[in-house]
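Commentary on secondary and tertiary structure
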Amino acid sequence: MKIQVKLYSTLRLNLGVAGLEIEIDKPVTILKLLKLASQQLNSDIIPELIEDGKIMVGTILLINGKNILHAEKLETMINEECEVSVFPPSGGG
Amino acid sequence: MSYHGKILRINLATKEIKTEELSQDLAKMYIGGRGLGTKIFSDEVDPKVDALSADNKLIFATGALTSTIAPTGGRYMVITKSPLSSTIASSNSGGFFGHKLKNTGYDVLIFENKAEKACYLYLDDEKAELRDASHLWGKDSHETTDILMEEIGEKTAKVACIGPSGEKLSLISGIMNDKNRAAGRSGVGAVMGSKMLKAIIVSGKKKTLIDDKEAFKVAVKEKVKILKENGVTGQGLPALGTKVLDNIINSIGAYPTRNFQKAQYESVDEVSGEALVEKGYLVKNVACYACPIACGRLVTLPQGKTGEGPEYEPGWAFGALCEVNDLNTISQANFMCNELGLDSISAGVTIATAMELYDRGYIKKEELEKGPELKFGNAEAILYYVKKMGHKEGIGEKLALGSYRLAESYGHPEVSMTVKKMEIPAYDPRGIQGHGLGYATNNRGGCHVRCYMISPEVLGTPEKLDPQEIKGKPEWVKIFQDLTAVIDSSGLCLFTSFAMGAPDYAELLNKATGFNYSVNELMQTGERIWNLERQFNLNAGLTAADDTLPKRLLEDPIPDGPSKGHVHRLSELLPHYYEIRGWTKDGIPTDEKLSELGL
Ligand code: SF4
């Protein structure tokens, strides 16, 4: 399956990449997906998002627009083609 | 302490200026800024007053922490009756004006009556003078500021003024300070214009005294550390400013598009905060007085024009809401609003309303007098009609009255996305239930900064709530409304609340004022302010029927994206909200509640 990963805010600006496509052949957790994304990007994005195994305050991880904090958090399974949006801690308006 | 204990009362008709004492008891009960200003205002002005008549008053109030070293402690509030919403108006602004205003040695200014000829107030720590402003009348906010600064010749002086839109009594005009900062909402610029008061220039060196200076310093240091270490206030806001939200709100499907007919914008990547950086428009961050966050953006456009912003809300209003995907034009529209003294949120929403009216054939082509077509997506139109609106020319006469009156004049108020006749900002309530309840019950109408439920419902601070859940939301809304009243009254920026909580504000206030609020007392003070505003609105003639949202948001499900199928569930939320507020089912504070709050 093809997973579209979209990067935003400082991740997009610092890496100079707006997104990437990850091909997986079996369901993975979102944490695993972020690791795959880091490999593909050649840059570890996990420390920007997760601290001591926990999603940092202000980090937003969405699967098709739904926040994983209301699903199984970092253990949320990705088992079909979808779009994953990745925001490091962000501001408000 | 941390107050000068002085109020300046200026009668614009008789030119009499006098100093009065500020009661410390009143200061303790209402903190300062929004709370204290509203108390003074509602004691002196009949809630039924015509907002643009001489009987309305215009108050500028600094907070208990304004002009201290507390992080973001530079803000002031404008309190009056709104000509737009007929509610209490209190508009907050940052920059450096509030700090300098307090340096004059006054905590509060009260303008009464109406001047016969255009005038401005010069105020420093030794003198207060009303001076002729006929040479400034008709000038935009930048020109006015430059002329006054040159005339006064004091480099550290600061100016607040109205632009042409305030002079012409546009109901969506604001008061501009430091050129690009705005006490923008509720039409406070029109009240200033109706009084023929063009500007206020402040200068002075009076320091704000602190009750326990050493302890205050320690507390400030700790709060600055909290702000720096927080992901939102330490990284997100400094990096992208408020415009980081374009992609966030769009991704969850709550980014109002095409005048709230859609909730996702396909061209968001063209107009987002990231785009502002990628396109090379962003020059640097700018900060208000004593602010370690620095969310402001200094922007230079390819054609060489420099200015501030756009912030998330105005950028969205001229962008997605009008389906305009040209960031350069959107930024120009925002600059123009600052110069004309227009509320850039209301201006953008009003143009989107006009676009829908045109799209549906209610506004006819002939009425545009050869101006560009008011079609969604027409970038040229937003610049053209902002100008018309600011100068009240042609169809600009109607646009200057705001979205509701515009739509109503064509017999279609349902096209107007407003609460209590004020334009709703950039978050679709159908996708974020608590935030929608905040809009419906807001004491000044469609506004996001009295109860920023986006924090918990989207950003996850202080904890993440499901935006579609309704259980527990009225309780959260009440806490956010009461806490925001405290922050606004303290003279701090709402953005500190991404990282700071009630105990932090209590600590800063206690060390500065010596009042010794417990956290509960402080939250009750916020509740007192909220109820005082509510009482004013009820006495002005508003009722529970005004605590609502546009029909579209209550009845038409979001057609696309992650929030597809949802409407706002106000009828399920509102009764419980009234109940926990201690109000009757008609939304009236009970006698018991009022006496509990000392009202
Ligand atoms: S966070 Fe932004 S708006 Fe608030 S005081 Fe700082 S610079 Fe001004």
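This is a predicted model, so every value here is computed, not measured.

Reading the values: the criteria
Residues numbered from 1 in each chain as written. Chains lettered and ligands numbered in written order. Predicted model: local features only at pLDDT ≥ 70, side-chain atom pairs only at ≥ 80, totals over all residues. Heavy atoms only, no water. Helix = DSSP H or I, 4+ residues; strand = E, 2+ residues; numbered from the N terminus. Rg over C-alpha atoms; globule rule 2.2 N^0.38 Å. Buried < 20%, exposed > 50% of the residue type's maximum accessible area, 1.4 Å probe, protein only. Areas by Shrake-Rupley, 256 points an atom, 1.4 Å probe, with all protein chains shown as cover. Lys, Arg positive; Asp, Glu negative; His and termini not counted. Charge placed at Lys NZ, Arg CZ, Asp CG, Glu CD. Domains from an automatic or database assignment. Contact = heavy atoms within 4.5 Å. Buried area = accessible area lost by both parts, 1.4 Å probe. Salt bridge = Lys/Arg side-chain N within 4 Å of Asp/Glu carboxyl O. Polar contact = N/O pair within 3.5 Å; in protein donor to acceptor, adjacent residues only side chain to side chain. Disulfide = S-S within 2.5 Å. Pairing = 2+ DSSP bridges. Axes fitted to C-alpha atoms, helices over the stretch in contact; angles between N-to-C directions. Near = heavy atom within 4 Å.

Tallying secondary structure elements over chain A gives three helices and nine strands in all. Along chain A, helices (α) and strands (β) appear in the sequence β-α-β-β-α-α-β-β-β-β-β-β when read from the amino end. Against the globule reference of 12 Å for 93 residues, chain A gives a C-alpha radius of gyration of 12 Å, in line with a compact fold. If you line up chain A on its principal axes, its C-alpha atoms span 35 × 30 × 25 Å. With 93 residues in all, chain A has 53% of them scored as buried. Accessible area for chain A stands at about 4400 Å²; split by element, carbon and sulfur atoms hold 46% of it. With 9 positive and 12 negative side-chain charges, chain A shows a separation of 2 Å between the mean positions of the two kinds.

Okay, the domain arrangement of chain B next. Residue and element names in this part refer to chain B. Here chain B is partitioned into domain 1 (6–203), domain 2 (238–422) and domain 3 (430–498 + 518–596). For domain 1 and domain 3, the distance between their C-alpha centroids amounts to 27 Å. Tallying the contact residues gives 36 residues for domain 1 and 27 residues for domain 3. Between domain 1 and domain 3, roughly 2500 Å² of surface is buried when both sides are summed, and carbon and sulfur atoms account for 60% of that area. Taken together, the connections running from domain 1 to domain 3 amount to two salt bridges. Linking domain 1 to domain 3 there are 15 residue pairs in polar contact (both at pLDDT 80 or more). Put simply, the parts of the chain that give the side of domain 1 that touches domain 3 at least two residues each are helix 1 (24–30), helix 2 (33–44), strand 4 (76–81) and strand 5 (88–93). Ranked by residue count, the leading element in the side of domain 1 that touches domain 3 is helix 2, at seven residues.

The next point concerns the environment of Leu599(B). Residues and elements named next belong to chain B. Take Leu599: it is sitting in the segment after helix 25 (591–596). Overall, the relative accessible area of 35% leaves Leu599 in the partly exposed class. Taking the C-alpha atoms as reference points, Leu599 and Ile529, 70 residues apart in sequence, are found 9.5 Å from one another. Residues within four places of Leu599 in sequence aside, it is in contact with Tyr30, Arg528, Asn531, Leu532 and Leu594.

Turning next to the state of the cysteines. All names here are of chain B. If you walk through the whole model with that rule in mind, you get zero disulfides over all chains. Free cysteine Cys119: the closest other cysteine sulfur is in Cys161, separated by 13 Å. Exposure remark for Cys119: the relative accessible area of 6% places this residue in the buried category. Free of any disulfide, Cys337 has its nearest cysteine sulfur in Cys322, 11 Å distant. Residue classification places Cys337 among the buried positions, given a relative accessible area of 0%.

A separate point is the sheet that holds strand 10 (residues 175–177) of chain B. Residue and element names in this part refer to chain B. Within the open sheet, the six strands sit side by side as 8-7-12-9-10-11. Their pairing is mixed. Of all strands in the sheet, those with a lone pairing partner are strand 8 (128–132) and strand 11 (181–183), marking the two edges. The sheet shows a mean angle of 20° between the axes of neighbouring strands, direction not considered. Here strand 7 (residues 119–123) pairs with strand 8 via five bridges, running antiparallel.

In the region of the ligand, the neighbouring residues are Thr72(B), Arg75(B), Arg181(B), Val286(B), Ala287(B), Cys288(B), Cys291(B), Ile293(B), Ala294(B), Cys295(B), Cys493(B) and Phe495(B). Three or more residues apiece are contributed to the shell around the ligand by two domains, here domain 1 (6–203) and domain 2 (238–422) of chain B.

Our next topic: the interface of chain B and chain A. In this complex, chain B contributes 33 residues to the contact, which on the side of chain A involves 23 residues. Taken over both partners, the interface formed by chain B and chain A buries close to 2200 Å², and the fraction arising from carbon and sulfur atoms is 63%. At the boundary of chain B with chain A, the tally comes to six residue pairs in polar contact (both at pLDDT 80 or more). Here the element with the most residues in the side of chain B that touches chain A is helix 8 (residues 231–240) of chain B; it accounts for seven residues.

Below, the discussion takes up the environment of Thr14(B). Within the secondary structure layout, Thr14(B) lies in the loop between strand 1 (6–11) and strand 2 (17–21). C-alpha separation for the pair Thr14(B) and Arg405(B), spaced 391 residues apart in sequence, amounts to 34 Å.

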